[in-house]
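# Structural overview
Residue strings, one per chain:
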Amino acid sequence: MKFTHHKCGREGARTLVLCSGLGGAQGYWAPHLEALKPRFDLILYDQRGTGANTCALGPTSIEAMADDVLEICDAAGVKRFDLMGHALGGLVGFDLAAREERRVERVVAINAWPEIDAHTARCFDIRLATLAGQGLAAFAALQMNFLYPPFWIAAFPEKIAAEEAHAVAHFQGAENISHRINALRDFRLPAIPDGSDLLLIASKDDALVDVAQSERLAARLPGARLVIFEQGGHAVNLTKREDFEAEVLPFLSADV
């Protein structure tokens with residue numbers, strides 16, 4: 001598959017690949033572009049089966065999604081890169097850090113996990129059951145409650161409504177979302193030689209991924225840095241954007 005991707009930012013700077021979560025859309029990162037573009041040569045893309053790269057996905061895996069990142073970087077002429085990933089995107093980063101140590105330098109993983117636990121598996125079951133039983137509008141509404149914490153939903157009802165409508169209009173399809181969730185269920189953290197180039201971000205009020213999952217990651221990745229926010233939900237990088245960027249930018253900008 002020939003991927004459509006978007007390259008922007010400061011040409012000649014460190015390359016940073018932005019890898020979204022289950023929704024797969026590059027638009028997730030839009031609020032960060034103002035801070036990132038002056039510092040990094042950015043690669044953004046819609047994941048296979050989503051957005052500009054829509055297709056019938058079929059069974060897939062996190063490793064296959066990581067291969068897609070390599071294909072995109074090869075097409076862009078990028079030899080070495082950093083990656084920032086949200087949830088599923090963080091798992092892609094772990095896979096690349098394990099397999100492509102010479103190409104992948106730093107990874108930021110937001111609300112990720114070493115393997116799925118019973119809580120997150122149950123959340124995925126509920127989401128799929130909602131989609132099958134109540135339809136796409138109910139699925140998109142439920143997605144907002146898993147993604148954002150109560151304080152954010154209460155403060156920005158118009159923003160939430162607009163995002164719900166966008167999710168419905170650009171839905172990747174029931175089969176694709178099911179295959180992508182199955183890839184998340186199958187993931188197991190690979191052996192990563194050195195965790196010193198990993199930054200783990202978590203939020204205590206994430207309704208989808210327990211903060212203990214990031215603590216488990218830190219215990220299994222010696223050298224990794226773990227930052228835990230008191231609030232922020234699953235999309236803590238958006239709801240606490242300035243605080244998040246204050247942690248991430250120095251990590252990604254530090255001299256090698």
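Here's what I pulled together on the structure shown here. Bear in mind the structure is a predicted one, so any value in this text is a computation, not a measurement.

Reading guide: rules and limits
Residues numbered from 1 in each chain as written. Predicted model: local features only at pLDDT ≥ 70, side-chain atom pairs only at ≥ 80, totals over all residues. Heavy atoms only, no water. Pairing = 2+ DSSP bridges. Helix = DSSP H or I, 4+ residues; strand = E, 2+ residues; numbered from the N terminus. Axes fitted to C-alpha atoms, helices over the stretch in contact; angles between N-to-C directions. Salt bridge = Lys/Arg side-chain N within 4 Å of Asp/Glu carboxyl O. Buried < 20%, exposed > 50% of the residue type's maximum accessible area, 1.4 Å probe, protein only. Contact = heavy atoms within 4.5 Å.

This part is about the sheet that holds strand β7 (residues 225-229). One open sheet holds the seven strands; their spatial order is β1-β3-β2-β4-β5-β6-β7, and the pairing between them is mixed. The sheet terminates laterally at β1 (5-9) and β7, the two strands that pair on one side only. Taking each pair of neighbouring strands and ignoring which way they run, the sheet shows an average axis angle of 20°. Looking at chain direction, strand β4 (residues 81-86) and strand β5 (residues 104-110) are connected through five bridges and run parallel.

Attention now goes to the pattern of salt bridges. Under the definition given, this model contains 14 salt bridges. With a shortest N-O distance of 2.7 Å, aspartate 41 and lysine 7 are connected by a salt bridge. With aspartate 41 in strand β3 (residues 41-45) and lysine 7 in strand β1, the pair connects residues that are 34 residues apart, well separated along the chain. Two residues, glutamate 63 and arginine 99, come together in a salt bridge whose shortest N-O distance is 3.8 Å. Placement of the pair is glutamate 63 in helix α2 (residues 62-75) and arginine 99 in helix α3 (residues 88-99), with a sequence separation of 36 residues. In this structure arginine 99 comes out as partly exposed when scored by relative accessible area, which is 33%. Salt bridges sharing partners connect three or more residues here, namely Arg14, Arg80, Asp82 and Glu105.

Attention now moves to the side chain of threonine 130. Inspection of the secondary structure puts threonine 130 in helix α4 (residues 118-134). Dropping the residues within four chain positions of it, threonine 130 is found in contact with Gly135, Ala138, Phe139 and Leu142.

So yeah, pure geometry; function would need other evidence.
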